[in-house]
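Chain by chain, the residues:
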Amino acid sequence: MSSFIEVECPNCKNKQVVFSNSAVEVKCEKCQTVLVQPKGGKSKIIGKVISVLG
Ligand SMILES: [Zn+2]
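Residues numbered from 1 in each chain as written. Predicted model: local features only at pLDDT ≥ 70, side-chain atom pairs only at ≥ 80, totals over all residues.

## A word on the overall build of the chain
Convention followed: In this description a helix means any DSSP run of H or I spanning at least four residues, a strand means any run of E spanning at least two, and both kinds are numbered starting from the N terminus. Between the two quantities, the radius of gyration covers C-alpha atoms and the globule rule is 2.2 Å times the number of residues to the power 0.38. Burial is judged by counting the other C-beta atoms within 10 Å of a residue's own C-beta: 20 or more makes it buried, 12 or fewer makes it exposed, and any count in between marks it as partly exposed, with every C-beta position built from the backbone. What counts as a contact here is a pair of residues whose C-beta atoms, placed from the backbone, lie within 7 Å.
A count of helices and strands for the chain gives zero helices and six strands. Along its sequence from the N terminus, the chain presents helices and strands in the succession β-β-β-β-β-β. Relative to the globule expectation of 10 Å for 54 residues, the C-alpha radius of gyration of the chain, 10 Å, shows essentially globular dimensions. Overall size of the chain, expressed as C-alpha extent along the three principal axes, is 30 × 20 × 15 Å. Per-residue burial over the chain gives 19% buried out of 54 residues. Sequence separation of at least 24 residues holds for 31% of the intrachain contacts in the chain that already meet a minimum separation of 6.

Laid out in structure tokens, this is it:
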């Protein structure tokens, strides 16, 4: 199952909407901290999940 989630950057507290099944690394658009890492089909969420948007 895939969805969009809102995550908070652990470094700068920027909130960003990311795709939970991203096949590519997602970085914070402000400070370039990695927020999502691809893990063989699933993604590891590095940032704090604020909400799931569905
Ligand atoms: Zn950041």
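## A short note on the pairing of strand β2 (residues 15–19)
What counts, and what does not: Note: two strands are recorded as paired if DSSP finds a minimum of 2 bridges between them.
In this sheet, β2 lies alongside strand β1 (residues 4–8) in antiparallel orientation, the contact comprising five bridges. In the strand pairing of β2, Phe-4 is matched with Phe-19. Here β1 folds back onto β2, and the loop between the two strands holds six residues, one of which, Lys-13, carries a positive phi near 70°.

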